[in-house]
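Listed here are the chains, written in short residue letters.
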Amino acid sequence: MPEKSQKTRFGMIKERHGKTFENALKQGKMDEQMIGLCSFAAGTKGFYTSSCCSGRIILLEKNGEAKNKNAFHRKWHRTVSARELIEGVEENKGGVLWLKLDPFILHIGCKNIRGANSILEAMKKAGVKRGGIMVAQKDKFLIELQGTETMALPIKENGKQLAEKAFIEKLLEKANPLLEKNYARLRALENEFRKTLK
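Bear in mind the structure is a predicted one, so any value in this text is a computation, not a measurement. (Residues numbered from 1 in each chain as written. Predicted model: local features only at pLDDT ≥ 70, side-chain atom pairs only at ≥ 80, totals over all residues. Heavy atoms only, no water.)

Caption draft 1: Expanded view of the pattern of salt bridges. Across all of its chains, the model carries nine salt bridges by this definition. Here the salt bridges share partners, and the residues they tie into one network are Arg 56, Lys 100 and Asp 102. (Salt bridge = Lys/Arg side-chain N within 4 Å of Asp/Glu carboxyl O.)

Caption draft 2: Geometry of unusual backbone geometry. With a phi close to 50°, Asn 158 is a non-glycine residue in the positive phi region. With respect to the secondary-structure elements, Asn 158 resides in the loop between strand S8 (151-157) and strand S9 (160-161). Exposure remark for Asn 158: the relative accessible area of 58% places this residue in the exposed category. (Helix = DSSP H or I, 4+ residues; strand = E, 2+ residues; numbered from the N terminus. Buried < 20%, exposed > 50% of the residue type's maximum accessible area, 1.4 Å probe, protein only.)

Caption draft 3: Representation of the environment of Ala 175 within the structure. In this structure, Ala 175 sits in helix H5 (residues 165-196). Looking at Ala 175, the relative accessible area reads 2%, which means it is buried. Beyond its immediate chain neighbours, meaning those up to four positions away, Ala 175 contacts Ile 57, Leu 101 and Met 151. (Contact = heavy atoms within 4.5 Å.)

Caption draft 4: Quick look at the sheet that holds strand S3 (residues 70-76). Spatially, S3-S2-S4-S8-S9 is the arrangement adopted by the five strands of the open sheet, whose pairing is antiparallel. With partners counted over all chains shown, the strands left at the sheet margins are S3 and S9, one partner each. Note that strand S2 (residues 56-62) and S3 share six bridges and pair antiparallel. Each residue of the ladder has a partner; that of Lys 62, found in S3, is Asn 70. Sitting on the sheet, helix H3 (residues 82-91) touches S2, S3, strand S4 (96-102), S8 and S9, and the angle it makes with S3 is about 160°. Most of the contacts of H5 go to S8, to which it runs at about 150°, and overall it touches S2, S4, S8 and S9. (Pairing = 2+ DSSP bridges. Axes fitted to C-alpha atoms, helices over the stretch in contact; angles between N-to-C directions.)

Caption draft 5: Focus on the sheet that holds strand S1 (residues 47-53). As summarised here, the arrangement of the four strands in space is S1-S5-S7-S6, forming an open sheet in which the pairing is antiparallel. Among the strands making up the open sheet, the edge pair consists of S1 and strand S6 (130-137). If you compare each strand with its neighbour and ignore which way they point, the axes differ by 20° on average. Direction of pairing for S1 relative to strand S5 (residues 105-110): antiparallel, over a ladder of five bridges. Bridged to Tyr 48 within S5 is Gly 109. The strands that helix H4 (residues 113-125) touches are S1, S5, S6 and strand S7 (140-146); relative to S7, the one it contacts most, it runs at about 10°.

Caption draft 6: Geometry of the pairing of S5. The buried fraction of S5 amounts to five of the six residues, a majority that puts the element mostly inside the structure. Examined bridge by bridge, S5 and S7 share six bridges and lie antiparallel to one another. Residue Ile 105 lies in a different strand from S7, and its bridge partner there is Gln 146.

Caption draft 7: Representation of the nonpolar core. Counting residues in hydrophobic clusters, the biggest one holds 26 residues, and the most contacted among them are Leu 106, Ile 108, Cys 110, Ile 119, Leu 145, Leu 189 and Phe 193. Those elements giving two or more residues to this core turn out to be helix H1 (2-26), helix H2 (32-42), S5, H4, S7 and H5. Among the elements that line this core, the one with the most residues is H4, at five residues. Listed in part, the 19 residues of the second largest apolar core include Ile 57, Trp 76, Leu 97 and Ala 163. (Core = buried A, V, L, I, M, F, W, Y, C linked by side-chain atoms within 4.5 Å.)

Caption draft 8: The arrangement of the packing of aromatic side chains in detail. In total, this model carries one aromatic pair according to the counting rule given. Against the face of Trp 98 rests Lys 62, its NZ or CZ located 5.4 Å from the ring centre. The positively charged end of Lys 75 is found above the aromatic ring belonging to Phe 72, 4.6 Å away from the centroid. (Phe/Tyr/Trp six-rings, centres within 6.5 Å; stacked < 30°, edge-to-face > 60°. Lys NZ or Arg CZ within 6 Å of the ring centre and 35° of its normal.)

Okay, here's the thing in structure tokens:
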């Protein structure tokens, strides 16, 4: 009887996250680069994905230190053209505008420690350097994996640009290849998962 309840607990958690994924997919809210990986995990017996982001370039308007004081002015889950970025910068009127590159972040649920170790092994083989077990409970392990390609600096404050247009464009020349590298690392991770997880 205890074994049955344990299976049911994991199954219910997996089913709930699976429905959340399917709804996000139907509503077009899934990052394209994450669809293959999350679909694969949903089809396994011992794994599921919860919150995730494939990585992005953003213009973030900060009006204070609290998180609820921040707002996405622009957000792209892909490489960005100089025209798009400059237009976004010029349209911003208040607060401190930051140009940021966020790497991918992924949370994967596992049924047992063996599965968790499989995730960590795949992570190493894919060259992902940041990750670990966040929750370790009987019949439930949660792992967080994150890329390392990042960038963050303020480029405008209260309507006044802190950097010339040419410098902002130079920053983008650095950000776009970093984002592409981030996506390549994510594809490598998915490939390792497909070899390892069941």
